[in-house]
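Residue-level listing of the chains:
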Amino acid sequence: MATQYYTATSLDGYLADPDNSLTWLFEVDGANEAQAGIAGFLAQVGAMCMGATTYEWMMANEPPESWHEYYGDLPCWVLTHRDLPAIPGANLRFVSGAIEAVHREMTEAAGDRNIWIVGGGDLAGQFADAGLLDEIMVSVAPVTLGAGAPLLPRRLLSSRMRLTGVERAGQFAELHYRLTDPADQRVSSASLR
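The structure displayed is predicted, hence computed values, not measured ones. Throughout this document, residue positions are counted from 1 along each chain, in the order its sequence is written. At least 70 in pLDDT is required for a residue's local features to be given in this predicted model, at least 80 for side-chain atom pairs to be given and counted, and no such filter applies to totals for whole chains, interfaces and linings, which use all residues. For the side-chain quantities, the full set of heavy atoms in the structure was used; hydrogens and water were omitted.

Trainee: How would you explain the overall build of the chain if you had to name every residue and give the values?
Mentor: Strands are runs of DSSP state E lasting at least 2 residues, helices are runs of H or I lasting at least 4, and numbering of each runs from the N terminus. Counting secondary structure elements, the chain contains 8 helices and 10 strands. We compute the radius of gyration over the C-alpha atoms and compare it with the globule rule, which gives 2.2 Å times the number of residues raised to the power 0.38. A compact globule built from 193 residues would reach a C-alpha radius of gyration of about 16 Å, and the chain, at 17 Å, matches this within 12%. For the C-alpha atoms alone, the extent of the chain along its principal axes is close to 55 × 35 × 30 Å. Relative to its full complement of 193 residues, the chain shows a buried share of 46%. Residue burial is assigned from relative accessible area. The probe radius is 1.4 Å, only protein chains are included, and a residue is buried under 20% of its type maximum, exposed over 50%, and partly exposed in between.

Trainee: A description of unusual backbone geometry should follow, citing residues and the corresponding values.
Mentor: Geometrically, the link from Gly 119 to Gly 120 is a cis peptide bond, its omega value of 5° lying close to zero. Tracing the backbone through its elements, the reader meets Gly 120 in the loop between strand S6 (114–119) and helix H7 (121–129). Unlike most non-glycine residues, Asn 20 shows phi in positive territory, near 60°. Overall, the relative accessible area of 32% leaves Asn 20 in the partly exposed class.

Trainee: Account for the pattern of salt bridges, naming residues and giving values.
Mentor: Think of it this way: side chains of opposite charge can pair up when their charged atoms draw near. Salt bridge, as applied in this entry: a Lys or Arg side-chain nitrogen positioned within 4 Å of an Asp or Glu carboxyl oxygen. A full pass over the atoms with the stated rule returns 3 salt bridges. With its nearest N and O atoms 2.8 Å apart, the salt bridge here joins Asp 122 to Arg 154. With Asp 122 in helix H7 and Arg 154 in the loop between strand S8 (149–150) and strand S9 (161–169), this pair connects stretches of sequence that are 32 residues apart. Classification of Asp 122 by relative accessible area gives partly exposed; the value is 39%. For Arg 154, a relative accessible area of 25% gives the class partly exposed. We note a salt bridge from Asp 129 to Arg 154, for which the minimum N-O separation is 2.7 Å. In this pair, Asp 129 sits in helix H7 while Arg 154 sits in the loop between S8 and S9, placing the two residues 25 residues apart along the sequence. Within this structure, Asp 122, Asp 129 and Arg 154 form a network of salt bridges that share partners.

By themselves these figures say nothing about function.
Structure follows, in structure tokens:
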């Protein structure tokens, strides 16, 4: 089981443009080809979570029935400090608080399957900060946005990441990185002194 941040980004590292739009993503040639791999990925997922902005984007841009088509009864934690409307029949939990507690709940629900951090970047960063993010899987689109919501608004040095895979899906470059726990880095640094 792994906790995975799987997303798409512009070449200059943004998940969404300054207006929180993903139009740029769906205009890339081969976007449907790149999306084809998501079914295999989802088959390995036992729980997922997202931030309020990602959830609100989905509510505003996808019909409610598409949630069931995409995710079935997959349990989803939505991290928010606000009251948000629920998608009828979706297996949702609206929560706030420490990432560690949310991760424990998701781990229990996922069993031996993976946990998917859908987005956004700050949410994935919170998991990375806590040493709970195992993998970053990102599809890089041939688009630059210049500004917007960053892929991962954290400083993660190469000493914490190992490239484990590179694939091509249409116009997208898919990069897979394995993360080490930040506590492991502190131990390594201390042993060098």
